[in-house]
Amino acid sequence: MPANEETMNCSKARHYLDLMLDGELKEGLIPMAELHLKGCPSCRSYYDAGKTLNQMLGMAPEAAFPEWLHQRILHQASQHEPQRIGFARRWKLQTIPALLAVAVSLYVGALMGVKAYAANTQTYATEATQSTESYELASFGESLLMDLDSNNGGYNE
Amino acid sequence: MKKEQFEQFLRDNEKRIYHYLLTLLGNDNDANDVVQMTFLSFYEHIDRVESATAVSYLYRIAHNKSMTFLKQKNRYLSLDPQSFAHLPDRSAPDPEPDFSALKQALSELPVKLATVIHLQYYEKLSYKEISLQLGISLKAVESLLVRAKKQLRKKLLKDRAGQGV
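The model shown is predicted, which means the values in this text are computed figures rather than measured ones.

Peer 1: Help me out: how do you make sense of the overall build of chain B in this one?
Peer 2: The helix and strand inventory of chain B stands at seven helices and zero strands. Shown N-terminal to C-terminal, the secondary structure of chain B runs as helices and strands in the order α-α-α-α-α-α-α. For chain B, buried positions account for 41% of its 165 residues. Of the contacts formed within chain B by residues at least 6 apart in sequence, a portion of 68% connects residues at least 24 apart. Accessible surface computed for chain B: about 9,800 Å², of which carbon and sulfur atoms make up 53%.

Written as structure tokens, this is what we have:
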């Protein structure tokens, strides 16, 4: 330990002194710092100034909180309350129309979908009927052609 | 927290927040304004605040509000002739010269340094507690406190030298 005490420079000592003034220096290091203080007038004045500042900060009078300010804050908070309710109410009112709008749009969409489906099915049915007729016609034509082929195209050999 | 608890919470914490704001802002008028903003902002979110973290949440609001306040104030300070009304009256006798000088020196500290000083001397927190409160390392707390005290010493010495002249 004595070797350390001798080699401790002022910068390190002041670091220890700062911690010592705040009660944060490890107990084992306190004798080292105190020993340095005894032999170093510059660090002694640094330590004394720090001690004075600590005392001043510790003794500084607390500013009293004005009572009117307490009342004003409470008053403002009470004024603030209706706004909070109003906001909540407004939010609820906005939610209901939004939900209604969604429901109505779903209903209208579904109706339109059903109508469109029905119309499509009808068109398809019509088209299907028409296509059967043409198929029948086509097959009628085919049979005619076949007949013609079998009869050698109607030509005499 | 419930809204019904607000009045008691205000009563329990108004002094510490007021002291903190006085340290940061340096004058009663500004501290009065910001303390109102702080508690009203807290009240707006009271439903979402846990009792265990309410005080640190309150400090966070106070810090943020004072930062915004200082930014806005600095923006208009140079243009506002009213600000000259707050200059100290040098001819009037000062009832507590040491503490007024200290108060002035504290108000000139950057916000971070003023915060650690407040937490150490007003809240009586240890380095470890300050580091937990601010979410910074022990070394950082130590460094901030050393810097804060160095600046305070410088300012107080300058003041004394000024008074001596």
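We are not done yet, so read on.
Peer 1: Would you mind going over the overall build of chain A with me for this structure?
Peer 2: Check the secondary structure of chain A and you find five helices and zero strands. Listed N to C, the secondary structure of chain A is α-α-α-α-α in terms of helices and strands. Within the structure as shown, chain A displays about 11,700 Å² of accessible surface, and the carbon and sulfur contribution to it stands at 61%.

Peer 1: Explanation requested: the packing of helix α1 (residues 6-25) of chain B against helix α5 (residues 111-122) of chain B in the structure shown.
Peer 2: How two helices pack is summed up by the angle between their axes together with the distance between the axes. All names here are of chain B. For the pair α1 and α5, the least separation of the axes is 9 Å and the interaxial angle reads 140°. Here α1 is positioned oblique relative to α5, judged by the angle of their axes. Like other packed secondary-structure pairs, α1 and α5 cross with a definite hand, here right-handed. Facing α1, whose interface residues are K15, R16, H19, Y20, T23 and L24, α5 presents V111, A114, T115, H118 and Y122. Split by residue class, the contact of α1 with α5 holds five nonpolar, four polar and two charged.

Peer 1: Help me out: how do you make sense of helix α4 (residues 41-59) of chain A in this one?
Peer 2: Since one α-helical turn is 3.6 residues long, residues separated by three or four positions face the same way. With 19 residues, α4 of chain A ought to run about 27 Å at 1.5 Å a step, and its terminal C-alpha atoms sit 27 Å apart, in line with that. Within the sequence span of α4 of chain A, burial applies to C43, Y46, Y47, G50, L53, N54, M56 and L57 of chain A.

Peer 1: Help me out: how do you make sense of the interface of chain B and chain A in this one?
Peer 2: Many authors give the size of an interface as the accessible area that is lost as the parts come together. On the chain A side, the residues contacting the 38 residues of chain B number 33 residues. Approximately 3,300 Å² of surface area, both sides summed, lies buried where chain B meets chain A, with 63% of it carried by carbon and sulfur atoms. When the buried area of chain B at its contact with chain A is split by residue, Q36, Y121 and R153 of chain B rank highest and sum to 19% of it. At the boundary of chain B with chain A, the tally comes to three salt bridges. For the salt bridge of R153 of chain B with D18 of chain A, the shortest nitrogen-to-oxygen distance reads 3.9 Å.

Peer 1: I keep staring at the confidence of the model for chain A and nothing clicks. Help me out?
Peer 2: Detailed reading of predicted coordinates is not advised where the pLDDT is low. Residue and element names in this part refer to chain A. Confidence in the prediction of chain A, expressed as mean pLDDT, is 79, and 69% of residues score 70 or more. When pLDDT is averaged over each helix and strand of chain A, the minimum, 50, is found for helix α1 (residues 2-7) and the maximum, 92, for helix α2 (residues 10-21). Confidence drops under pLDDT 50 across residues 1-5; counting only partners more than four residues distant or on other chains, this segment forms five contacts.

Peer 1: Where do I start with the side chain of E142 of chain B in this structure?
Peer 2: For E142 of chain B, the position within the fold is in helix α7 (residues 138-164). Of the side chains bearing the opposite charge, K139 of chain B lies closest to the buried E142 of chain B, which forms no salt bridge; the N-O distance is 4.3 Å. Separated by 3.1 Å, the side chains of E142 of chain B and H15 of chain A make a polar contact. The residues contacting E142 of chain B, other than those within four sequence positions of it, are H15 and L19 of chain A together with Y127 of chain B.

Peer 1: Please explain the packing of α5 of chain B against helix α6 (residues 127-134) of chain B as it appears in this structure.
Peer 2: Residues and elements named next belong to chain B. The interhelical angle for the contact between α5 and α6, taken along N-to-C directions, is 130°, at an axis separation of 10 Å. In this view, α5 runs oblique relative to α6, as classed from their interaxial angle. By crossing handedness, the relation of α5 to α6 is classed as right-handed. When α5 is examined against α6, the residues T115, V116, L119 and Q120 are found in contact with a partner set consisting of Y127, I130, Q133 and L134. Partitioned by chemical class, the residues of the contact of α5 with α6 number five nonpolar, three polar and no charged.

Peer 1: Quick question: what am I supposed to make of the packing of aromatic side chains here?
Peer 2: The geometry of two aromatic rings is summed up by the distance between their centres and the angle between their planes. All names here are of chain B. Overall, the coordinates contain five aromatic pairs over all chains when judged by the stated rule. Ring plane angle 10° and centroid distance 4.5 Å describe the contact between F9 and F42, whose orientation is recorded as stacked. Highlighted residues: F9 in helix α1 and F42 in helix α2 (residues 28-44), separated in sequence by 33 residues. The pair formed by F9 and F42 is uniform in burial state, with each residue classed as buried.

Cut-offs and rules
Residues numbered from 1 in each chain as written. Chains lettered and ligands numbered in written order. Predicted model: local features only at pLDDT ≥ 70, side-chain atom pairs only at ≥ 80, totals over all residues. Heavy atoms only, no water. Helix = DSSP H or I, 4+ residues; strand = E, 2+ residues; numbered from the N terminus. Buried < 20%, exposed > 50% of the residue type's maximum accessible area, 1.4 Å probe, protein only. Contact = heavy atoms within 4.5 Å. Areas by Shrake-Rupley, 256 points an atom, 1.4 Å probe, with all protein chains shown as cover. Axes fitted to C-alpha atoms, helices over the stretch in contact; angles between N-to-C directions. Parallel < 35°, antiparallel > 145°, perpendicular 65-115°, else oblique. Left-handed = near helix turned anticlockwise from the far one by under 90°. Nonpolar A, V, L, I, M, F, W, Y, C, P; charged D, E, K, R; others polar. Expected span 1.5 Å × (residues − 1). Buried area = accessible area lost by both parts, 1.4 Å probe. Salt bridge = Lys/Arg side-chain N within 4 Å of Asp/Glu carboxyl O. pLDDT = per-residue confidence, 0-100. Lys, Arg positive; Asp, Glu negative; His and termini not counted. Polar contact = N/O pair within 3.5 Å; in protein donor to acceptor, adjacent residues only side chain to side chain. Phe/Tyr/Trp six-rings, centres within 6.5 Å; stacked < 30°, edge-to-face > 60°.

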